Amino acid sequence: MGHSRIVILTGAGVSAESGVPTFRGPDGLWEGHRVEDVATPEAFARDPRLVQTFYDLRRAALAKVEPNPAHLALARLDADWPGDLLLVTQNVDDLHERAGSRRLIHMHGRLKSAWCTACDTRHGWEGALLDWPPCPACGAVGRMRPDIVWFGEMPYDMARIERAVMACDLFVSIGTSGNVYPAAGFVDLAGRAGARTLELNLDPSMASHRFDESRLGPAGVLVPELVAQLLDP
Ligand code: OAD
(Lines give C-alpha, C1' and ligand atoms only; values in the text may rest on other atoms or scores of the structure.)
Protein backbone atom coordinates (compact mmCIF):
# COMPACT_ATOMS: atom_id res chain seq x y z
CA MET A 1 0.00 0.00 0.00
CA GLY A 2 3.03 2.24 -0.02
CA HIS A 3 2.77 3.46 3.56
CA SER A 4 5.76 3.74 5.80
CA ARG A 5 4.47 5.17 9.08
CA ILE A 6 1.57 3.32 10.64
CA VAL A 7 -0.42 4.01 13.79
CA ILE A 8 -2.93 1.41 14.94
CA LEU A 9 -5.53 2.05 17.63
CA THR A 10 -7.23 -0.96 19.20
CA GLY A 11 -10.23 -1.27 21.48
CA ALA A 12 -12.16 -3.99 23.25
CA GLY A 13 -13.27 -5.56 19.95
CA VAL A 14 -9.76 -6.85 19.25
CA SER A 15 -9.92 -8.98 22.41
CA ALA A 16 -13.57 -10.05 22.07
CA GLU A 17 -12.72 -13.25 20.22
CA SER A 18 -10.32 -14.16 23.04
CA GLY A 19 -13.30 -14.11 25.39
CA VAL A 20 -12.64 -10.74 27.05
CA PRO A 21 -16.02 -8.96 27.29
CA THR A 22 -16.33 -5.58 25.55
CA PHE A 23 -17.36 -2.52 27.56
CA ARG A 24 -20.58 -1.61 25.89
CA GLY A 25 -22.58 -4.78 25.52
CA PRO A 26 -26.17 -4.86 24.32
CA ASP A 27 -27.36 -4.25 27.90
CA GLY A 28 -25.09 -1.21 28.25
CA LEU A 29 -23.43 -2.82 31.26
CA TRP A 30 -19.81 -3.83 31.74
CA GLU A 31 -19.87 -7.25 33.39
CA GLY A 32 -23.02 -6.30 35.25
CA HIS A 33 -21.88 -2.85 36.39
CA ARG A 34 -22.54 0.63 35.14
CA VAL A 35 -19.18 2.04 33.99
CA GLU A 36 -19.50 5.01 36.35
CA ASP A 37 -19.82 2.62 39.35
CA VAL A 38 -16.43 1.01 38.72
CA ALA A 39 -14.35 3.17 36.39
CA THR A 40 -14.23 6.62 37.99
CA PRO A 41 -12.15 8.11 40.81
CA GLU A 42 -15.44 8.97 42.54
CA ALA A 43 -16.53 5.32 42.50
CA PHE A 44 -13.18 4.32 44.02
CA ALA A 45 -13.52 6.92 46.77
CA ARG A 46 -17.10 5.87 47.50
CA ASP A 47 -16.70 2.10 47.41
CA PRO A 48 -13.06 1.04 47.13
CA ARG A 49 -13.85 -2.61 47.90
CA LEU A 50 -16.26 -2.86 44.99
CA VAL A 51 -13.77 -1.29 42.59
CA GLN A 52 -10.78 -3.33 43.82
CA THR A 53 -12.83 -6.53 43.62
CA PHE A 54 -13.98 -5.67 40.11
CA TYR A 55 -10.43 -5.15 38.82
CA ASP A 56 -9.05 -8.09 40.84
CA LEU A 57 -11.51 -10.33 39.00
CA ARG A 58 -10.60 -8.84 35.60
CA ARG A 59 -6.87 -9.31 36.38
CA ALA A 60 -7.39 -12.93 37.48
CA ALA A 61 -9.46 -13.63 34.35
CA LEU A 62 -6.45 -12.85 32.15
CA ALA A 63 -5.01 -16.25 33.09
CA LYS A 64 -7.90 -17.89 31.24
CA VAL A 65 -7.63 -16.07 27.90
CA GLU A 66 -5.17 -16.25 25.03
CA PRO A 67 -4.24 -13.89 22.19
CA ASN A 68 -6.35 -14.46 19.07
CA PRO A 69 -5.38 -14.23 15.37
CA ALA A 70 -5.85 -10.43 15.42
CA HIS A 71 -3.29 -9.94 18.23
CA LEU A 72 -0.91 -12.39 16.55
CA ALA A 73 -1.18 -10.66 13.17
CA LEU A 74 -0.46 -7.26 14.76
CA ALA A 75 2.61 -8.74 16.47
CA ARG A 76 3.79 -10.09 13.13
CA LEU A 77 3.32 -6.65 11.59
CA ASP A 78 5.34 -5.11 14.43
CA ALA A 79 8.15 -7.63 13.91
CA ASP A 80 8.26 -7.38 10.12
CA TRP A 81 7.28 -3.79 9.31
CA PRO A 82 10.43 -1.89 8.32
CA GLY A 83 8.96 1.59 8.85
CA ASP A 84 7.68 3.43 11.90
CA LEU A 85 4.85 1.71 13.68
CA LEU A 86 2.99 2.39 16.89
CA LEU A 87 0.23 0.25 18.37
CA VAL A 88 -1.91 2.25 20.77
CA THR A 89 -4.38 0.18 22.75
CA GLN A 90 -7.25 1.29 24.93
CA ASN A 91 -7.34 -2.23 26.35
CA VAL A 92 -6.08 -2.98 29.82
CA ASP A 93 -5.56 -6.70 29.14
CA ASP A 94 -2.11 -8.04 28.26
CA LEU A 95 -2.96 -9.86 25.05
CA HIS A 96 -1.00 -7.59 22.68
CA GLU A 97 2.23 -8.05 24.62
CA ARG A 98 1.62 -11.77 25.08
CA ALA A 99 1.18 -12.05 21.31
CA GLY A 100 4.59 -10.35 20.92
CA SER A 101 3.85 -6.70 20.09
CA ARG A 102 6.64 -4.45 21.33
CA ARG A 103 6.00 -0.97 19.90
CA LEU A 104 2.95 -0.67 22.15
CA ILE A 105 1.35 1.95 24.38
CA HIS A 106 -1.42 1.12 26.86
CA MET A 107 -3.10 4.53 26.90
CA HIS A 108 -5.73 3.46 29.49
CA GLY A 109 -3.28 1.63 31.77
CA ARG A 110 -2.85 -2.07 32.47
CA LEU A 111 -4.55 -4.58 34.74
CA LYS A 112 -1.18 -6.11 35.56
CA SER A 113 0.14 -2.90 37.05
CA ALA A 114 -0.57 -1.33 40.43
CA TRP A 115 -0.03 2.33 41.26
CA CYS A 116 1.00 3.54 44.70
CA THR A 117 -0.62 6.93 45.17
CA ALA A 118 1.58 7.57 48.25
CA CYS A 119 4.96 7.51 46.47
CA ASP A 120 3.71 7.61 42.85
CA THR A 121 5.45 4.41 41.74
CA ARG A 122 4.06 1.65 39.54
CA HIS A 123 4.60 -2.04 40.07
CA GLY A 124 3.99 -5.11 37.94
CA TRP A 125 1.09 -6.84 39.67
CA GLU A 126 -0.36 -10.33 39.29
CA GLY A 127 -2.36 -10.82 42.48
CA ALA A 128 -5.21 -9.04 44.24
CA LEU A 129 -5.33 -5.47 45.60
CA LEU A 130 -8.47 -5.89 47.71
CA ASP A 131 -6.58 -6.64 50.92
CA TRP A 132 -4.49 -3.48 50.60
CA PRO A 133 -1.00 -4.93 50.17
CA PRO A 134 1.79 -2.55 51.20
CA CYS A 135 3.58 -0.67 48.44
CA PRO A 136 6.78 -2.57 47.55
CA ALA A 137 8.65 0.76 47.28
CA CYS A 138 7.50 2.87 50.24
CA GLY A 139 5.58 0.39 52.38
CA ALA A 140 2.44 2.53 52.58
CA VAL A 141 -0.69 0.51 53.27
CA GLY A 142 -4.04 1.34 51.68
CA ARG A 143 -2.62 3.36 48.80
CA MET A 144 -2.25 0.80 45.99
CA ARG A 145 -4.87 1.23 43.28
CA PRO A 146 -5.36 -0.36 39.85
CA ASP A 147 -3.11 1.38 37.30
CA ILE A 148 -6.11 2.06 35.09
CA VAL A 149 -7.06 5.42 33.58
CA TRP A 150 -10.57 6.09 34.85
CA PHE A 151 -13.09 8.51 33.38
CA GLY A 152 -12.00 12.04 34.15
CA GLU A 153 -8.31 11.06 34.30
CA MET A 154 -5.67 11.79 31.67
CA PRO A 155 -4.68 8.89 29.38
CA TYR A 156 -1.01 7.94 29.37
CA ASP A 157 1.64 9.07 26.86
CA MET A 158 -0.68 11.47 25.04
CA ALA A 159 2.11 13.69 23.70
CA ARG A 160 3.93 10.76 22.16
CA ILE A 161 0.71 9.31 20.72
CA GLU A 162 -0.41 12.59 19.17
CA ARG A 163 3.01 13.12 17.60
CA ALA A 164 2.84 9.67 16.00
CA VAL A 165 -0.77 10.14 14.85
CA MET A 166 0.04 13.48 13.22
CA ALA A 167 3.10 12.02 11.46
CA CYS A 168 1.59 8.78 10.17
CA ASP A 169 0.65 7.86 6.59
CA LEU A 170 -1.86 5.20 7.60
CA PHE A 171 -4.10 5.24 10.67
CA VAL A 172 -6.02 2.06 11.45
CA SER A 173 -8.67 1.75 14.15
CA ILE A 174 -9.69 -1.77 15.19
CA GLY A 175 -12.59 -2.87 17.38
CA THR A 176 -13.46 0.35 19.14
CA SER A 177 -16.87 1.99 19.37
CA GLY A 178 -15.53 5.53 19.09
CA ASN A 179 -17.32 6.64 22.26
CA VAL A 180 -14.39 7.58 24.42
CA TYR A 181 -12.18 10.63 23.87
CA PRO A 182 -9.37 11.46 23.28
CA ALA A 183 -8.90 8.11 21.44
CA ALA A 184 -12.05 8.67 19.39
CA GLY A 185 -10.54 11.90 18.03
CA PHE A 186 -7.33 10.36 16.68
CA VAL A 187 -8.95 9.62 13.31
CA ASP A 188 -9.63 13.33 12.76
CA LEU A 189 -6.13 14.28 13.82
CA ALA A 190 -4.66 11.72 11.42
CA GLY A 191 -7.00 12.69 8.59
CA ARG A 192 -6.24 16.39 8.93
CA ALA A 193 -2.53 15.59 8.81
CA GLY A 194 -3.05 13.77 5.50
CA ALA A 195 -3.03 10.12 6.57
CA ARG A 196 -5.25 7.49 5.02
CA THR A 197 -7.71 6.31 7.67
CA LEU A 198 -9.12 2.80 7.88
CA GLU A 199 -11.54 1.28 10.36
CA LEU A 200 -11.97 -2.44 11.06
CA ASN A 201 -14.98 -3.20 13.23
CA LEU A 202 -17.71 -5.78 13.66
CA ASP A 203 -20.50 -3.21 13.35
CA PRO A 204 -20.59 0.32 12.01
CA SER A 205 -19.26 2.48 14.86
CA MET A 206 -20.03 6.01 16.08
CA ALA A 207 -17.05 7.15 14.03
CA SER A 208 -17.38 5.13 10.80
CA HIS A 209 -18.30 8.13 8.65
CA ARG A 210 -15.06 9.87 9.66
CA PHE A 211 -12.83 7.19 8.08
CA ASP A 212 -11.75 6.97 4.45
CA GLU A 213 -12.71 3.30 4.53
CA SER A 214 -14.55 0.98 6.93
CA ARG A 215 -14.36 -2.79 6.71
CA LEU A 216 -16.98 -4.71 8.66
CA GLY A 217 -16.31 -8.11 10.19
CA PRO A 218 -14.57 -9.89 13.06
CA ALA A 219 -11.08 -8.67 13.93
CA GLY A 220 -9.80 -12.26 13.89
CA VAL A 221 -10.46 -12.33 10.14
CA LEU A 222 -10.00 -8.72 9.05
CA VAL A 223 -6.73 -8.01 10.86
CA PRO A 224 -4.75 -10.98 9.45
CA GLU A 225 -6.06 -10.00 5.99
CA LEU A 226 -4.89 -6.41 6.42
CA VAL A 227 -1.49 -7.44 7.75
CA ALA A 228 -0.97 -9.80 4.80
CA GLN A 229 -1.93 -6.95 2.46
CA LEU A 230 0.55 -4.58 4.13
CA LEU A 231 3.47 -7.00 4.32
CA ASP A 232 3.00 -8.76 0.98
CA PRO A 233 1.47 -6.15 -1.29
P1 OAD B 1 -16.54 -0.78 23.33
O2 OAD B 1 -17.10 -1.95 24.08
O3 OAD B 1 -17.17 0.54 23.51
O4 OAD B 1 -16.55 -1.09 21.77
C5 OAD B 1 -16.12 -2.31 21.26
C6 OAD B 1 -16.29 -2.28 19.75
O7 OAD B 1 -15.76 -3.49 19.24
C8 OAD B 1 -17.75 -2.19 19.26
O9 OAD B 1 -17.82 -1.20 18.25
C10 OAD B 1 -18.02 -3.57 18.69
O11 OAD B 1 -18.88 -3.52 17.55
C12 OAD B 1 -16.64 -4.01 18.26
N13 OAD B 1 -16.46 -5.47 18.25
C14 OAD B 1 -17.01 -6.39 19.08
N15 OAD B 1 -16.56 -7.62 18.77
C16 OAD B 1 -15.70 -7.47 17.74
C17 OAD B 1 -14.91 -8.37 16.96
N18 OAD B 1 -14.91 -9.68 17.19
N19 OAD B 1 -14.14 -7.85 15.97
C20 OAD B 1 -14.13 -6.51 15.73
N21 OAD B 1 -14.85 -5.63 16.41
C22 OAD B 1 -15.63 -6.09 17.41
O23 OAD B 1 -14.98 -0.73 23.70
P24 OAD B 1 -13.91 0.41 23.45
O25 OAD B 1 -14.25 1.23 22.25
O26 OAD B 1 -12.58 -0.24 23.52
O27 OAD B 1 -11.91 2.85 29.03
O28 OAD B 1 -14.10 1.28 24.74
C29 OAD B 1 -13.26 2.40 24.93
C30 OAD B 1 -12.99 2.64 26.39
O31 OAD B 1 -14.23 2.74 27.10
C32 OAD B 1 -12.28 1.52 27.10
O33 OAD B 1 -10.89 1.56 26.93
C34 OAD B 1 -12.64 1.73 28.52
C35 OAD B 1 -14.11 2.02 28.35
O36 OAD B 1 -14.67 2.75 29.33
C37 OAD B 1 -11.40 2.77 30.27
O38 OAD B 1 -11.45 1.78 30.98
C39 OAD B 1 -10.72 4.03 30.68
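The following refers to the structure shown. Bear in mind that the values here come from a model prediction, so they are computed numbers and not experimental data.

**Brief notes about the side chain of arginine 58**
Okay, so step 1: Of note, arginine 58 is situated in helix H4 (residues 48-61).
Okay, so step 2: Arginine 58 gets classed as buried once you look at its relative accessible area, which sits at 17%.
Okay, so step 3: If near-sequence neighbours (up to four positions away) are discounted, arginine 58 is found in contact with Trp30, Glu31 and Leu111.

**Let's talk about the pairing of strand S4 (residues 109-116)**
Okay, so step 1: Here S4 lies mainly inside the structure; seven of its eight residues are buried.
Okay, so step 2: Here four bridges tie S4 to strand S6 (residues 144-148), and the two strands are oriented antiparallel to one another. By the bridge assignment, tryptophan 115 is partnered in S6 with arginine 145.
Okay, so step 3: Examined bridge by bridge, S4 and strand S5 (residues 121-124) share four bridges and lie antiparallel to one another. Bridge pairing in S5 places tryptophan 115 opposite arginine 122.
Okay, so step 4: Taking the residues that link successive antiparallel strands as the turn, the S4-S5 hairpin has four residues, and the phi of aspartate 120 there is positive, at about 60 degrees.

**Quick notes on the sheet that holds strand S3 (residues 104-106)**
Okay, so step 1: A sheet is described by the order of its strands in space; here six strands give the open sequence S3-S2-S1-S7-S8-S9, paired in parallel fashion. Edge positions in the open sheet fall to S3 and strand S9 (213-216), since each of these has one partner strand only. Taking the axes of each pair of neighbouring strands and ignoring which way they run, one obtains an average angle of 15 degrees across the sheet.
Okay, so step 2: As judged from the five bridges shared by strand S7 (residues 170-174) and strand S8 (residues 196-201), these two strands associate in the parallel manner. Among the inter-strand pairings, valine 172 is bridged to a residue of S8, identified as leucine 198.

**Overview of H4**
Okay, so step 1: For H4, built from 14 residues, the straight-helix expectation of 20 Å at 1.5 Å per residue is met to within 8% by its first-to-last C-alpha distance of 20 Å.
Okay, so step 2: Of all the positions in H4, only Val51, Gln52, Phe54, Tyr55, Asp56, Arg58 and Arg59 are classed as buried.
Okay, so step 3: On its buried face, H4 sits against helix H2 (35-38), helix H3 (41-46), S4 and S6.

**Quick notes on the side chain of threonine 176**
Okay, so step 1: Structurally, threonine 176 is set in the loop between S7 and helix H8 (186-192).
Okay, so step 2: We classify threonine 176 as buried; its relative accessible area is 13%.
Okay, so step 3: Those residues in contact with threonine 176 that sit more than four places away from it in its chain are Leu9, Gly11, Gln90, Asn201 and Ser205.

**Details of the site of the ligand**
Okay, so step 1: If you check the shell around the ligand, you find 22 residues, and the closest are Ala12, Arg24, Val149, Thr176 and Ser177.
Okay, so step 2: Within the backbone of alanine 12, a nitrogen or oxygen atom sits 2.8 Å from an oxygen atom of the ligand.
Okay, so step 3: Measuring from an oxygen atom of the ligand, one finds a side-chain N or O atom of asparagine 201 at 2.9 Å.
Okay, so step 4: Relative to its unbound accessible area of 800 Å², the ligand is 93% covered by the protein chains.
Okay, so step 5: Here the residues of the shell around the ligand sort into nine nonpolar, 10 polar and three charged.

Each value, and the rule that gives it
- By convention here, each chain's residues receive numbers from 1 onward along its written sequence.
- Residue-level local features of this predicted model are given only where pLDDT is at least 70; pairs of side-chain atoms are given and counted only at 80 or more, and the full residue set underlies all totals for whole chains, interfaces and linings.
- Side-chain numbers here rest on the full set of heavy atoms in the structure, without hydrogens or water.
- Each helix is a run of H or I in the DSSP string that is no shorter than four residues. Each strand is a run of E no shorter than two, and both are numbered from the N terminus.
- Partly exposed residues are those whose accessible area sits between 20% and 50% of the maximum for their type, while under 20% is buried and over 50% is exposed, using a 1.4 Å probe and protein chains only.
- It only takes one pair of heavy atoms within 4.5 Å for two residues to be counted as in contact.
- Strand pairing is assigned whenever DSSP identifies at least 2 bridges connecting the two strands.
- Interaxial angles span 0 to 180 degrees and are taken between N-to-C directions of axes, which are lines fitted to C-alpha atoms, for helices over the stretch in contact.
- By definition here, a helix of n residues has an expected span of 1.5 Å times n minus one.
- One heavy atom within 4 Å of a molecule or strand is enough for the residue carrying it to be called near that molecule or strand.
- We define a polar contact as two N or O atoms separated by no more than 3.5 Å, with the added condition that, inside protein, one atom must be a possible hydrogen donor and the other a possible acceptor, whereas residues neighbouring each other in sequence contribute only through side-chain atom pairs.
- The Shrake-Rupley method, run with a 1.4 Å probe sphere, supplies the accessible areas, and residue values consider only the shown protein chains as cover.
- Classification convention: Asp, Glu, Lys, Arg as charged; Ala, Val, Leu, Ile, Met, Phe, Trp, Tyr, Cys, Pro as nonpolar; all other residues, Gly among them, as polar.

Read these as layout, nothing more, since geometry by itself doesn't imply function.
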